Amino acid sequence: VNHQQAWDLIPWLVNDTLESAEREELEQHLADCPHCRGELQAQRALLQAIIAGPRVEAMPRASLQKLWARIDARTAPSASRQPPGPRRRAASSWRIAAAAGVMLLLVASLLFLLLPAQQQQTDEFRTVTDSVAGPAGEGIRAVFAGEMPLQELQSLLERTGLTVVAGPTASGVFTLGPATPAHDAHAALPALRAHPAVRFAEPVGP
Amino acid sequence: MPRVSPSTSDCQEALLLQRIAARDRHALEELYHAYHRRLSRFLLRLAPRYDFADEVINDTFWVIWRKAGEFRGASQVSTWIMGIAYRRALRALRAARHEDAVAQRLRDGGAEDHDSGDAVATQDWLAQAMRELPEEQRLALELAYFMGHSCEEIAVITGCPVGTVKARMFHAREKLRRCLPQLGGAA
């Protein structure tokens, strides 16, 4: 290497990232060039001063929560549109209720899929048997297998006449209620429990 | 020195990116924790403000969340991530430059002289000289000396030819030359 090339290589000898061939050539040049040797010493001093500088550490936890808030706000825009706005009352009310239920289920399932592990540390700790402030009347608290496909969950709820009333909580607990007043939520328990992807299903309330 | 990870961890990080592309939140958290310390130390050197470091790190991971599926292994994962952080940091530094210049002038009005010659004053003097470098030159120097990246890696991170990286380092070294006699004592 000539003098200029050697000069340009010095920082990478200093931070120890030179390939061995380049390193050898540079070392040969350094042996004959006091000017480059002086620069090598100066750059070593500069690197030492830089890495000896004040080190301030940031804590990742709070920053990560901000990141999740941002991701959730931008990747699940449908969630922010809940509840649906007022609609014309022309259609029969239970159809609207069913449609809203499906929407809610979709959003709830999406949240369930996207549920951050982090939240489990920050959310109030709650077990599946604790009582939660939920809608009045009968209901079921249920936990589904994480790998259960959304469509399967939907069809199970349709078959059993249930809809998602609340949840999932940080620990994945859904509160289910009757899809229409004509349905009996507690009567759906056996069918629910028989499903292989239902990890837990218990009646809530009185 | 936080040197570039060996290839085994690069493979693991590439797998994390695949999981992130499939919207695996645990994978994003794992990568976040692996990089937060490294990135925050780097960014807090550039601007000692937590809000700046926070903003750049989260901007970087917001891009990673959206673009993880586009990583094709053309570089190491760490180089790819540093490249995203570099562009975000450069943009934030440029945006803050005017604001900082005004603040600096205000500070200079009532500044105390650090002429005692002790280690703290030397650090202040170096920090001041580093702040006066153009952003690209300063970032090249920090990437090389603080982060320990090779010239070729810095070329990938900054999206520049190797010759440009060498030129930026050359100019940064020239401008910092007036600090060197003092630093010589610290060597």
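Just above, that's the structure.
Rules behind the numbers
Residues numbered from 1 in each chain as written. Chains lettered and ligands numbered in written order. Predicted model: local features only at pLDDT ≥ 70, side-chain atom pairs only at ≥ 80, totals over all residues. Heavy atoms only, no water. Helix = DSSP H or I, 4+ residues; strand = E, 2+ residues; numbered from the N terminus. Buried < 20%, exposed > 50% of the residue type's maximum accessible area, 1.4 Å probe, protein only. Contact = heavy atoms within 4.5 Å. Buried area = accessible area lost by both parts, 1.4 Å probe. Salt bridge = Lys/Arg side-chain N within 4 Å of Asp/Glu carboxyl O. Polar contact = N/O pair within 3.5 Å; in protein donor to acceptor, adjacent residues only side chain to side chain. Core = buried A, V, L, I, M, F, W, Y, C linked by side-chain atoms within 4.5 Å. Pairing = 2+ DSSP bridges. Axes fitted to C-alpha atoms, helices over the stretch in contact; angles between N-to-C directions. Parallel < 35°, antiparallel > 145°, perpendicular 65-115°, else oblique. Left-handed = near helix turned anticlockwise from the far one by under 90°. Phe/Tyr/Trp six-rings, centres within 6.5 Å; stacked < 30°, edge-to-face > 60°. Lys NZ or Arg CZ within 6 Å of the ring centre and 35° of its normal. Nonpolar A, V, L, I, M, F, W, Y, C, P; charged D, E, K, R; others polar.

Student: Before we move on, can you summarise the overall build of chain A with the specific residues and values?
Tutor: Counting its secondary structure elements, chain A contains nine helices and four strands. Going from N to C terminus, chain A has its helices and strands arranged as α-α-α-α-α-α-α-β-α-β-β-α-β. In chain A, buried positions account for 39% of the 206 residues. In chain A, 64% of the contacts between residues at least 6 apart in sequence involve partners at least 24 apart.

Student: So, the interface of chain A and chain B: which residues are in play, and what are the values?
Tutor: With 44 residues of chain A at the contact, the number on the chain B side is 46 residues. Overall, the association of chain A and chain B removes approximately 4,200 Å² of surface from exposure, summing both partners, and the carbon and sulfur fraction of that is 61%. At the junction of chain A and chain B, the tally comes to five salt bridges. The residue Arg177(B) makes a salt bridge to Glu39(A) at a minimum N-O spacing of 3.1 Å. For the interface between chain A and chain B, the tally reads 14 residue pairs in polar contact (both at pLDDT 80 or more). Counting residues per element, the ones that place at least two in the side of chain A that touches chain B are α1 (3-14), α3 (34-51) and α4 (60-75) of chain A. Among the elements that make up the side of chain A that touches chain B, the one with the highest residue count is α4(A) (11 residues).

Student: A description of helix α7 (residues 151-158) of chain B should follow, citing residues and the corresponding values.
Tutor: The periodicity of an α-helix, 3.6 residues per turn, causes residues three or four positions apart to be oriented the same way. Buried residues dominate α7(B), accounting for six of its eight residues. Of the residues one or two after α7(B), Gly159(B) is the one with positive phi, at around 65°.

Student: Got a sec to walk through the nonpolar core? Specific residues and values, please.
Tutor: The tendency in soluble globular proteins is for nonpolar side chains to be buried as a group. One finds Leu43(B), Phe61(B) and Ile64(B) to be the most contacted residues of the largest nonpolar core, which totals 78 residues. Per-element accounting of this core gives the leading share, 11 residues, to helix α4 (residues 77-109) of chain B. Excluding anything up to four places from it in sequence, Ile64(B) contacts Leu17(B), Ile20(B), Leu28(B), Leu31(B), Trp80(B), Ile81(B) and Ile84(B). Grouped together as the second largest cluster of nonpolar side chains are 19 residues, Met148(A), Leu153(A), Leu189(A) and Val198(A) included.

Student: Pulling in residues and values, what's your account of the sheet that holds strand β4 (residues 198-204) of chain A?
Tutor: By way of backbone hydrogen bonds, the strands of a sheet pair with one another, either parallel or antiparallel. Residues and elements named next belong to chain A. The strand order across the open sheet formed by four strands is β2-β3-β1-β4, and the pairing between neighbours is antiparallel. At either margin of the open sheet sits one strand with a lone partner, and together these are β2 (162-166) and β4. Going across the sheet, the axis of each strand differs from the next one's by a mean of 35°, ignoring polarity. As paired strands, strand β1 (residues 139-144) and strand β3 (residues 173-178) are joined by four bridges and run antiparallel to one another. The residue bridging Ala-142 from the neighbouring strand is Phe-174, located in β3.

Student: Please give an account of the packing of helix α2 (residues 25-46) of chain B against helix α6 (residues 135-146) of chain B that cites residues and values.
Tutor: Helix packing geometry: the angle between the two helix axes and the distance between the axes. Residue and element names in this part refer to chain B. Their axes nearest at 11 Å, the elements α2 and α6 cross at an angle of 140°. If you check the angle between α2 and α6, you find them oblique. Crossing of α2 over α6 shows right-handed handedness. Together, Arg-41, Phe-42, Arg-45 and Leu-46 of α2 and Arg-138, Leu-139, Glu-142, Leu-143 and Phe-146 of α6 make up the contact between the two elements.

Student: Can you tell me about the packing of aromatic side chains, naming the residues and giving the values?
Tutor: Residues and elements named next belong to chain B. Under the criterion given, the structure shown has three aromatic pairs over all chains. The ring of Trp-65 has Arg-23 sitting right over it, with the charged end atom 4.4 Å from the ring centre. In this arrangement the basic side chain of Arg-38 is found over the ring face of Tyr-35, its NZ or CZ atom lying 4.3 Å from the centre.

Student: Can you break down the packing of α1(A) against helix α8 (residues 162-175) of chain B residue by residue, with the values?
Tutor: Relative to each other, α1(A) and α8(B) sit at 85°, their axes nearing to 10 Å. The angle between the axes of α1(A) and α8(B) places the two elements in the roughly perpendicular class. For the pair α1(A) and α8(B), contact is made by Gln4(A), Trp7(A), Asp8(A), Leu9(A), Ile10(A), Pro11(A) and Trp12(A) and by Val165(B), Lys166(B), Met169(B), Phe170(B), Arg173(B) and Glu174(B), respectively. Of the residues belonging to the contact of α1(A) with α8(B), the class tally is eight nonpolar, one polar and four charged.

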